[in-house]
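# Fold and contact review
This is what each chain is made of:
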Amino acid sequence: MKTQSPSAITATRLRGRVSRRVAVGALAAALLAGAATTGTAAADSGADSKAAAEQDRPELHKAMQAFVDAGFAGVQLRVNDQRGEWTGSAGVRKLGQSAKPRTNGSFWTGSVIKPITATLVLQLVAESKIGLDAPVAGYLPELGLDRRITVRMLLQHTSGLFNYTGEYFDDGTVKPGIPATGDAWLTNRFKTYLPQELVRLALSKQPRFEPGTDQNYSNTNYTLALLLIEKVTGRSYAEELQRRILRPLGMRDTAVPGNRTRLPGPHAHGYYRYQDAGRQKTVDISRQNLSLLAGAGDLISTTKDLHTFFSALNGGKLLPPELLAEMREPHPKMGYGLGLFVQDLGPNCGTVYQHNGSPPHGYGALMYSSPDGKKTLTASVTWVDEVTRGPAKDFQKLVDGLVQEVFCGGRRIG
């Protein structure tokens, strides 16, 4: 993910290692030792508990528990494969309490919404309402966009447009944008932004590179994609999402929150820790306003609904074959296609498609699928975050371990 300008998060860490490593730096932010009481993994306690018990998978319990042992507050996991569906959770739902996260509780997904936004755009391409290689300026002339920027460039992050949540460079320099991380974000976490406001801020800044000459993860691209969808259809993004994806697939627990700040139903809590007058304070940030990531990171969902979407997408139910193939064609720099990361797990495992995510702080989501959509991994983690994002030194190893168990039968990646 990388919704908070996750250069510190997903995209940046992917460079140079996408083919073998997991593109999830975004979550790497928060290994807080002692942040939560360690809990043991628990299988789903609903109507399917008997089936879950019959296929108990200690290797998945162990992989989840490793997150908690490393300092994450809680994790919920769903795996669908040839053995059926398995769900489990570890850690705690809320600091100071012993209850574990619900295995289908709601959470902020962050950039997991990007392949959903890309799917909506590509459906309009399939209907000849949008040209994939047409200038975006032809659809949104009021914004004064560089006419060299095409729809494909938005979805592929090759437009060069400034990332409105800030640009992070390899030499350590930063060009700030809207406060999307740290103490400044905490103060403004309930502020409402309009998509046009976000885009105009980005367009007021110097582009990172000439259109089509490089690749850099930018939330601006996907907020522009949202505006494109709305302009072409004459309906809101939320309406198109309901009409084209959520309702047909029965994804009843997924929604674009708008300026809503509360997660619905049972949910795990994320936290942010900061210093105030020399004293350490920890704030529950399960309430936050994600309008600052319109079309790029503003989604509420569950592990079940994410499985439903990603399985349907990769199973060929949402796009015609030629456009699904376009979506999966990676640009060599980041291994990113049109809304998807393409990850090679090696000769013993093959390829998976994935997009992970994290809103500004405290929450993270994982979403992986085999090429045929028959094997998926969806998960959410929560933690006590801070401005430094924590040590994160073991995060990649933890995710690798989980992916190994699900897609490689425990065989080492790379």
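Being a predicted model, the structure only gives us computed values, none of them experimental.

## Quick look at the environment of leucine 224
You can see leucine 224 is positioned in helix 8 (residues 219-233). Look at leucine 224 and you get buried, because its relative accessible area is 0%. Sequence spacing of leucine 224 and proline 195 is 29 residues, and the spatial spacing of their C-alpha atoms is 7.9 Å. Apart from the residues lying within four places of it in its own chain, the contact partners of leucine 224 are Leu140, Leu143, Leu145, Leu154, Leu161 and Val199.

## Things to note about the nonpolar core
Membership of the largest hydrophobic core comes to 71 residues, with the highest contact counts inside it found for Leu122, Leu155, Phe309 and Met327. In terms of residue count, the dominant contributor to this core is helix 4 (residues 113-126) (eight residues). Counting residues in each nonpolar core, the second largest holds 27 residues, with Val75, Val79, Trp86 and Val399 among its members.

## Quick word on helix 7 (residues 195-203)
Where helix 7 is concerned, the buried positions are Pro195, Leu198, Val199 and Ala202. For helix 7, the angular spread of the buried residues around the axis is 95°, confining them to a single face.

## So, the packing of helix 7 against helix 8
For the pair helix 7 and helix 8, interaxial distance at closest approach is 10 Å and the crossing angle is 135°. On the basis of the axis angle, helix 7 is oblique to helix 8. The two elements helix 7 and helix 8 meet at a crossing, and its hand is left-handed. Here helix 7 contributes Pro195, Gln196, Leu198, Val199 and Ala202 to the contact with helix 8, which in turn contributes Thr220, Thr223, Leu224, Leu226 and Leu227. Class assignment of the residues belonging to the contact of helix 7 with helix 8 gives a composition of seven nonpolar, three polar and no charged.

## Comments concerning the confidence of the model for the chain
Residue-level pLDDT values for the chain average 87, and 84% of them are 70 or greater. For residues 1-54, every residue scores under 50 in pLDDT, and the model assigns this stretch 190 contacts once sequence neighbours within four places are set aside.

## Description of the pairing of strand 7 (residues 271-276)
Here six bridges tie strand 7 to strand 8 (residues 279-284), and the two strands are oriented antiparallel to one another. The residue of strand 8 that forms the bridge with tyrosine 272 is valine 283. Hairpin geometry of strand 7 and strand 8 is characterised by an intervening segment of two residues between the two adjacent antiparallel strands and by a positive phi of about 55° at alanine 277. Examined bridge by bridge, strand 7 and strand 14 (residues 384-386) share three bridges and lie parallel to one another. Looking at strand 14, one finds that tyrosine 271 is bridged to valine 384.

## Digging into the packing of helix 4 against helix 8
For the pair helix 4 and helix 8, the least separation of the axes is 10 Å and the interaxial angle reads 40°. Here helix 4 and helix 8 pass one another in a crossing that is left-handed. Facing helix 4, whose interface residues are Lys114, Thr117, Ala118, Leu120, Val121 and Leu124, helix 8 presents Asn219, Tyr222, Ala225, Leu226, Ile229 and Thr233. Here the residues of the contact of helix 4 with helix 8 sort into eight nonpolar, three polar and one charged.

## Regarding the packing of aromatic side chains
Inspection of every chain in the model, using the stated rule, returns seven aromatic pairs. Taking 5.7 Å as the distance between ring centres and 65° as the angle between the ring planes, the aromatic pair formed by phenylalanine 67 and phenylalanine 72 counts as edge-to-face. The burial state of phenylalanine 67 is the same as that of phenylalanine 72; both residues are buried. The ring centre of tyrosine 222 lies 5.9 Å from the NZ or CZ of lysine 114, which sits over that ring.

What counts, and at which threshold
- Residues numbered from 1 in each chain as written.
- Predicted model: local features only at pLDDT ≥ 70, side-chain atom pairs only at ≥ 80, totals over all residues.
- Heavy atoms only, no water.
- Helix = DSSP H or I, 4+ residues; strand = E, 2+ residues; numbered from the N terminus.
- Buried < 20%, exposed > 50% of the residue type's maximum accessible area, 1.4 Å probe, protein only.
- Contact = heavy atoms within 4.5 Å.
- Core = buried A, V, L, I, M, F, W, Y, C linked by side-chain atoms within 4.5 Å.
- Arc of directions from axis to C-beta.
- Axes fitted to C-alpha atoms, helices over the stretch in contact; angles between N-to-C directions.
- Parallel < 35°, antiparallel > 145°, perpendicular 65-115°, else oblique.
- Left-handed = near helix turned anticlockwise from the far one by under 90°.
- Nonpolar A, V, L, I, M, F, W, Y, C, P; charged D, E, K, R; others polar.
- pLDDT = per-residue confidence, 0-100.
- Pairing = 2+ DSSP bridges.
- Phe/Tyr/Trp six-rings, centres within 6.5 Å; stacked < 30°, edge-to-face > 60°.
- Lys NZ or Arg CZ within 6 Å of the ring centre and 35° of its normal.

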